Amino acid sequence: MAESENIFLKAKHRTFSGLTEDAEHKWTGPFFFIQAADPQLGLMKAWRDGDCDGGGEEWAEEVELTKQAVEAVNQLRPRPRFMVLCGDLVHAMPGTPFREGQEKDLKAALKGTDPSIPLVFVSGNHDLGNTPTPSTVEQYCREWGDDYFSFWVGGVLCLVLNSQLFFDASACPELREAQEAWLEAQLSRASSSSSTEPKPKHVLIFQHIPLYLKSPDEEDDYFNLRRTVRQNLLDRFKKAGVKAVFSGHYHRNAGGCHGGLDMVVSSAIGCQLGEDTHGVRVVVVTADNVIHRYYSLEQLRARGLDEDLKKLLQA
Ligand SMILES: [Fe+2]
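Residues numbered from 1 in each chain as written. Predicted model: local features only at pLDDT ≥ 70, side-chain atom pairs only at ≥ 80, totals over all residues. Heavy atoms only, no water.

With an unreviewed UniProt entry as reference, the chain is termed Serine/threonine-protein phosphatase CPPED1, source organism Oreochromis aureus. According to the UniProt record, the Sequence similarities (unreviewed entry) comment for the chain reads "Belongs to the metallophosphoesterase superfamily. CPPED1 family." On record in UniProt, under Cofactor (unreviewed entry), the comment for the chain is "a divalent metal cation". (UniProt positions renumbered as here; feature names shortened; annotations may be inferred.)

Here's what the structure looks like:
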């Protein structure tokens, strides 16, 4: 299959086929997209068995949930401009037995997505390993495209980041350095007031691990980024005018807006670790705001977008 035709490999050369700056730098009015996370094929069985590091030898439930998500998203009108999956695409870590089968079945489920809705992939800890190596990153990129890149949609600049390089880059320090240099260039580009380059209407970030779950100064834990790393990113994101950071990883809805930056933590398409439902988030982008709402898969399929969100899109 040619690279350009492969819907799973559109993120290449640090940009995204069809959603380039040239094609999409102009603001053309409000639009919406879908943000989802953690289909994580295999976790539901592993969680029930209490073996979350291994296990995961069955994943029919997550395949079904992913298909439901695709079906619900396909019937939305107007259509979303893209759907982003914020990591933990599958549960099986790189090089473990069920990896190939899970990736194959996830792709089969996602293939039903309407061709007008590009699929944007973000790497999670299960996709890369908790301590990624050059080899696990390469394996990921072969299946799902670049692990970090930028793209444009209707005048909005989006940055997809590999948060595993913020979490533990001890086995691939050179990859962390490369992402850092690239990110710095992207952020300074975002805030530059050069007259020759289009200024983005908004800047949005997508990564797997949340900067924080509730508050920027909360303690470190498994589900957030370390305080020193977090503060550094928060400062740089704010300086560049980043409006929102979208993440998954927590398998619960959480987050909060502090100092003008909205940290959005979305629950999972797959296994729930709290009281939320299997679902996806609808994100409406207007000239002034980024408004988002989590929908259960059932709710989205039965009712579509709420009227107030539809109204924002017509403005
Ligand atoms: Fe996860």
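Now that the structure has been shown, we can carry on.
Caption draft 1: Layout of unusual backbone geometry. Omega for the peptide link from Arg77 to Pro78 comes to -5°, which places this bond in the cis form. Within the secondary structure layout, Pro78 lies in the loop between α3 (60-74) and β4 (83-86). The backbone phi angle of His13 is positive, close to 55°, even though this residue is not glycine. By the element assignment, His13 lies in the loop between β1 (11-12) and β2 (15-16). A positive phi angle is found at Arg14, which is not glycine, with a value near 65°. In this fold, Arg14 is placed in the loop between β1 and β2. (Helix = DSSP H or I, 4+ residues; strand = E, 2+ residues; numbered from the N terminus.)

Caption draft 2: Expanded view of the packing of aromatic side chains. A complete count under the given rule lists 18 aromatic pairs for this structure. Considering the side-chain rings of Trp59 and Phe98, the 6.0 Å spacing of their centres and the 55° angle between planes classify their relative orientation as tilted. Placement of Trp59 in the loop between α2 (43-49) and α3 and of Phe98 in the loop between β4 and α4 (99-110) is noted, with a sequence separation of 39 residues between them. Its guanidinium or amino end placed over the ring of Tyr148, Arg14 lies 3.7 Å from that ring's centre, counting from NZ or CZ. Directly above the aromatic system of Phe223 lies the positively charged group of Arg252, at a separation of 5.2 Å from the ring centroid. (Phe/Tyr/Trp six-rings, centres within 6.5 Å; stacked < 30°, edge-to-face > 60°. Lys NZ or Arg CZ within 6 Å of the ring centre and 35° of its normal.)

Caption draft 3: Quick look at α3. In this model α3 runs 21 Å from its N-terminal to its C-terminal C-alpha over 15 residues, within 8% of the 21 Å that 1.5 Å per residue would give. Where α3 is concerned, the buried positions are Glu62, Val63, Leu65, Thr66, Ala69, Val70, Ala72, Val73 and Asn74. Among the structural elements, β3 (31-36), α2, β4, α4, β12 (279-285) and α10 (297-303) are those in contact with the buried residues of α3. (Expected span 1.5 Å × (residues − 1). Buried < 20%, exposed > 50% of the residue type's maximum accessible area, 1.4 Å probe, protein only. Contact = heavy atoms within 4.5 Å.)

Caption draft 4: How the structure looks around the coordination of the iron ion. Taken together, Asp38 (OD), Gln40 (OE1), Asp88 (OD) and His251 (NE2) make up the full set of protein donors to the iron ion, lying 2.1 to 2.3 Å away. Coordination at the iron ion is irregular, judged from the four donor atoms that bind it and the angles of 84 to 178° they form at the metal. Positions of the donor residues of the iron ion along the chain correspond to the pattern D-x1-Q-x47-D-x162-H. Linking Asp88 in the loop between β4 and α4 with His251 in the loop between β9 (242-247) and β10 (254-258), this pair joins segments that are 163 residues apart in sequence. What makes Asp88 buried here is its relative accessible area of 2%. (Donors = N, O, S within 2.8 Å, 3.2 Å for Na, K, Ca; no water. Tetrahedral: all angles 85-135°; square planar, octahedral: opposite > 155°, others 65-115°.)

Caption draft 5: Seen up close, the sheet that holds strand β6 (residues 149-153). Taken in spatial order, the six strands make up an open sheet running β6-β7-β8-β9-β11-β10, and their pairing is mixed. The outermost strands of the open sheet, each flanked by one partner alone, are β6 and β10. Ignoring strand direction, the axes of neighbouring strands in this sheet form an average angle of 15°. Packing of helix α8 (residues 173-191) onto the sheet brings it into contact with β6, β7 (156-160), β8 (203-206) and β9, and relative to β7 it is tilted by some 165°. Lying over the sheet, helix α9 (residues 227-239) contacts β8, β9, β10 and β11 (261-265), oriented at roughly 125° with respect to β11. (Pairing = 2+ DSSP bridges. Axes fitted to C-alpha atoms, helices over the stretch in contact; angles between N-to-C directions.)

Caption draft 6: Quick look at the environment of Val84. Structurally, Val84 is set in strand β4. Separated by 47 residues in the primary sequence, Val84 and Ala37 have C-alpha atoms spaced 8.0 Å apart. For Val84, the residues in contact, after removing those within four places along its chain, are Phe33, Ile34, Gln35, Ala36, Val120, Val122 and Phe206.

Caption draft 7: Here's a closer look at the pairing of strand β5 (residues 119-122). Residues Leu119 and Phe121 line one face of β5 and the alternating positions Val120 and Val122 line the opposite face, and both faces are buried. Where β4 and β5 come together, four bridges link them in parallel fashion. Residue pairing across strands places Val84 opposite Val120, the latter belonging to β5. In this view, the connection linking β4 to its parallel neighbour β5 by way of α4 has right-handed handedness. (Right-handed = clockwise from strand over helix to strand, strands pointing away.)

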